[in-house]
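Close look at the chain arrangement
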Amino acid sequence: MSKSILTRRGLLKTGAIAGAGLAMPLVFSKGAAAYTNEPKGGSVTLGFNVPQSGPYADEGGDELRAYKLAVEHLNGGGDGGMLNTFSSKALKGNGILGKKVQFVTGDTQTKSDAARASAKSMIEKDGAIMITGGSSSGVAIATQGLCQDAGVIFMAGLTHSNDTTGKDKKANGFRHFFNAYMSAAALGPVLSSAYGKDRKFYMLTADYTWGWTQAASMKAFLEHEGWTMVKDVRTPLATTDFSSYIAPVLNSGADVLILNHYGGNMVNSLTNAVNFGLRDKTVNGKNFEIVVPLYSRLMAKGAGANVKGILGSTNWHWSLQDAGTKAFVKSFGTKYGFPPSQAAHTVYCQTLLYADACERAGTFNPCGVGEALQGFQFDGLGNGPVLYRAADHQCFKDVLVVRGKENPSSEFDLLEVVQKTPVDKVTYKPDNPFFKGGALGQCNPGA
Amino acid sequence: MMKINLNDKILMLIVTVVVLLAPFILQPFAEGTALAQFNAGYPDLLQRIVIFGIFAIGFNILFGLTGYLSFGHAAFLGVGSYSAVWMFKLLSMNVIPGILLAIVTSGLFALLIGWISLRRSGIYFSILTLAFAQMSYNLAYSVLTQFTNGETGLQIRLSDPRVLDGAATNGTLPSTNILPPSLVNGFEMRDTYQLHLGNWLFQFNTGYYVTAVILILAFYLSLRIFRSPFGLMLRAVKTNQTRLNYTGINTRPYTLAAFVISGMYAGLAGGLLAAMDPLAGAERMQWTVGGEVVLMTILGGAGTLIGPVLGAGFIKYFENIFSKINDTVLHHWFSFLPDGLQNFAVDLIHPFVGKGWQLTLGLIFMAVVIFLPGGLVEGSQKLAGLFRRRTKKTGGGPDEQHHPKTTPHVAE
């Protein structure tokens, strides 16, 4: 008997306190800011969310170096880098809109959950006005969704999945990097002219959004060239030893192996494939070939001599000879002692593009910044003329097809540009089947 | 009959007050000062501390009372998250149906796994649960991708049906709420109210208060279980299961019930995680998450009521605050030292903060296990004991009533 009375009282007490607790927030008014994290003082904070551990840690480290360089240039330090070659002259080297640029960093661990937690704390605790970064498309898409929800701009870093600006596109998210469809469109004709029309290919694919869209794009373009697919095998992102995936390739009857892997995954799978002697084999009377659709110098470095002669595509390469590239390579090289990777390049561009859009819009409000970025045409950032398409927030520019150098002249000179595929060859309509299904929605300023 | 005594009421009251005032308590330093780095009173971290507190409270019902050590509770957390997100996609952005479904599905899942795993005890039980968790992780990661969206994680989209909410009209993604914004504003999980007091900024988040109230209820339920005959039976299982069996008692229904209850707590935590941030990733089911809750419980004090919550808060604080201290921050702290000394000091501390936060946590964990086997709770009891003896010597006041008394049955 007494027990039940106690329970009721306990419950009543808890309920009363809980009710008071729930009502308490109503006493206070919401913040007076017009949008999330409106900068009030003399500085503005950007959030750099990159993988510092996991299979993409190398790329994340290089991204962070480029971010720091970009902040230095925006604040008027260093030699100004690509600020001098950028076609828009809105930035004056006095920060953004006169406010000094500060930054906070976070580790995504190459995991969506951790990346979102890290981005959330940057927004809620450190007052970041913009989040950028995200190696791995899974992370980029997850973070992009979070930024849309929180009402800040997301400037995507190294993300190559079609979905980032396809079915998962968001009004607050923008991507400078190219995508799987563009890689496949550029590689298809090059591969068929290099290796012939009648080829059978086998694919190993990283098992997440990027791998899926990369594999689908490659399949479509290669089948268009008359090639036939033997098999597409999915490998978990955390895999480090690919021997068990390589062995079945030998007896599959395929004469080309396509590695839809990036970063540490690609380094390991390519090394495994070469160790199995795949490249010395002759199948169906043809030399066995390996293709890596998405290439980078960091991966080429990791895989060493194994990359010689292997074809792939890349967003940008430091050996290009335009003024923007030269300026960027010079200031990056002076500061860190080696040339930047494509990951470093794309995040540097994204930071500049964001800052420039704020200047041109005259505000940090995500909706204003988004409008300034939509349909923006620029040049001088190392890729030639580029368009930020309004319909899906994807940049359109030339795609480089590269090959591992047979005789590298230095430890950085690992890739040579085989062909620059012009932008109109890789452009697609926003409702292309590879990209349809999503909607940008409305821009969200939060607050 | 066992009933809630005065000490339990005081404990309950303290928990309630601390949890409701946490946005103040964890924000002790003014904005803009060097120490503001250590402030933890922002919504995301507060939510995480409370949610993992619920997770650990549930885990403690199994591990603390029966001694069965499960490494597989991450699976229930993940199942809860996926269920909740599916509810947000299909039915409504209101969190209540999502959380209810999360509890139900994780309970059923726990029933299945528990029914099989509890045939063994000790290390074999641990291995079985670990195997199940790893299996669930791999299923979520690469097999059932149409339900889980694999590595990318399950997210809500504009095109989801959301039968009860109707179609989104203005092209913005709806956010999770406890009362629909069409009825009353300000009850979306992400709504935060700010209070400026001098240089201090306090943030009160609707989502946090929803989790806080649920934590208090969950804590109360766990208190009732601890003090019930059922709880006594679970302790008997821990003390000597063989003897219970000899006296003709079938212990399986009791352990299975404890397993299912703790699984439902984990599902509740998973559902809440999804309610705060509508995304469910497969890594939530990884064994490391299952290991983390074990650490939380042991660090705080297994078998104690408040211990798991303390442990959860401690670990989450470390994960989010210490991992943020990078070299730039360190240089800022030691800027008063001459250059050489400054670099030396930074190099000395560098391995223990930032990316190295787990190293610090590991050292603390070792120290706790070696010197305070009862966890942080034992530590605070020792401190309180010291204090009490001293005050008694000096003829201090009737302090006994104002301290949470040693909860009996601390883990042996």
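Residues numbered from 1 in each chain as written. Chains lettered and ligands numbered in written order. Predicted model: local features only at pLDDT ≥ 70, side-chain atom pairs only at ≥ 80, totals over all residues. Heavy atoms only, no water.

All names here are of chain A. Going through the model one piece at a time under the given rule, you end up with 39 aromatic pairs over all chains. Here Trp210 and Tyr262 contribute two aromatic rings whose centre-to-centre distance is 6.3 Å and whose plane-to-plane angle is 80 degrees, an arrangement assigned as edge-to-face. One end of the pair, Trp210, is in helix H6 (residues 209-224); the other, Tyr262, is in the loop between strand E8 (256-260) and helix H8 (263-275), with 52 residues separating them in the sequence. For the residue pair Trp210 and Tyr262, the accessibility class agrees, reading buried in each case. Ring geometry for Phe328 against Tyr348: centres 4.5 Å apart, planes inclined by 40 degrees, an arrangement best described as tilted. Placement of the pair is Phe328 in helix H10 (residues 323-336) and Tyr348 in helix H11 (residues 342-361), with a sequence separation of 20 residues. The exposure classification of Phe328 matches that of Tyr348, with both residues buried. Members of the aromatic cluster, each reached through a chain of ring pairs, are Tyr181, Phe221, Phe396, Tyr428, Phe434 and Phe435. Over the ring of Tyr428 we find Arg389, and its NZ or CZ is 5.1 Å from the ring centre. (Phe/Tyr/Trp six-rings, centres within 6.5 Å; stacked < 30°, edge-to-face > 60°. Helix = DSSP H or I, 4+ residues; strand = E, 2+ residues; numbered from the N terminus. Buried < 20%, exposed > 50% of the residue type's maximum accessible area, 1.4 Å probe, protein only. Lys NZ or Arg CZ within 6 Å of the ring centre and 35° of its normal.)

An order of E13-E14-E15 (chain A) is seen for the three strands of this open sheet, with the pairing classed as antiparallel. The open sheet has two free edges, formed respectively by strand E13 (377-378) and strand E15 (395-396) of chain A, since each of these has just one partner strand. (Pairing = 2+ DSSP bridges.)

Right, let's get into the interface of chain A and chain B. On the side of chain B, 56 residues touch chain A, which itself brings 52 residues to the contact. Between chain A and chain B, roughly 4,900 Å² of surface is buried when both sides are summed, and carbon and sulfur atoms account for 57% of that area. Counting across the chain A and chain B interface gives five salt bridges. Connecting chain A to chain B are 10 residue pairs in polar contact (both at pLDDT 80 or more). Elements supplying a minimum of two residues to the side of chain A that touches chain B: helix H1 (2-27), helix H3 (112-124), helix H4 (137-150) and H6 of chain A. Per element, the largest residue contribution to the side of chain A that touches chain B is 13 residues, and it comes from H1 of chain A. Residue composition of the side of chain A that touches chain B, grouped by class: 19 nonpolar, 18 polar and 15 charged. (Contact = heavy atoms within 4.5 Å. Buried area = accessible area lost by both parts, 1.4 Å probe. Salt bridge = Lys/Arg side-chain N within 4 Å of Asp/Glu carboxyl O. Polar contact = N/O pair within 3.5 Å; in protein donor to acceptor, adjacent residues only side chain to side chain. Nonpolar A, V, L, I, M, F, W, Y, C, P; charged D, E, K, R; others polar.)

With that out of the way, let us pick up the domain arrangement of chain A. Interface size, as often reported, equals the accessible area lost upon joining of the parts. All names here are of chain A. For chain A, the assigned domains read domain 1 (43-178 + 318-393) and domain 2 (181-312). Residue-level contacts link 23 residues of domain 1 with 19 residues of domain 2. Across the domain 1/domain 2 interface, buried area totals approximately 1,700 Å², and carbon plus sulfur atoms make up 58% of it. Considering only the surface of domain 1 that becomes buried against domain 2, Tyr56, His160 and Asn162 emerge as the three largest contributors, covering 31% of it. Along the contact surface separating domain 1 from domain 2 lie zero salt bridges. One can count 13 residue pairs in polar contact (both at pLDDT 80 or more) joining domain 1 with domain 2. (Domains from an automatic or database assignment.)

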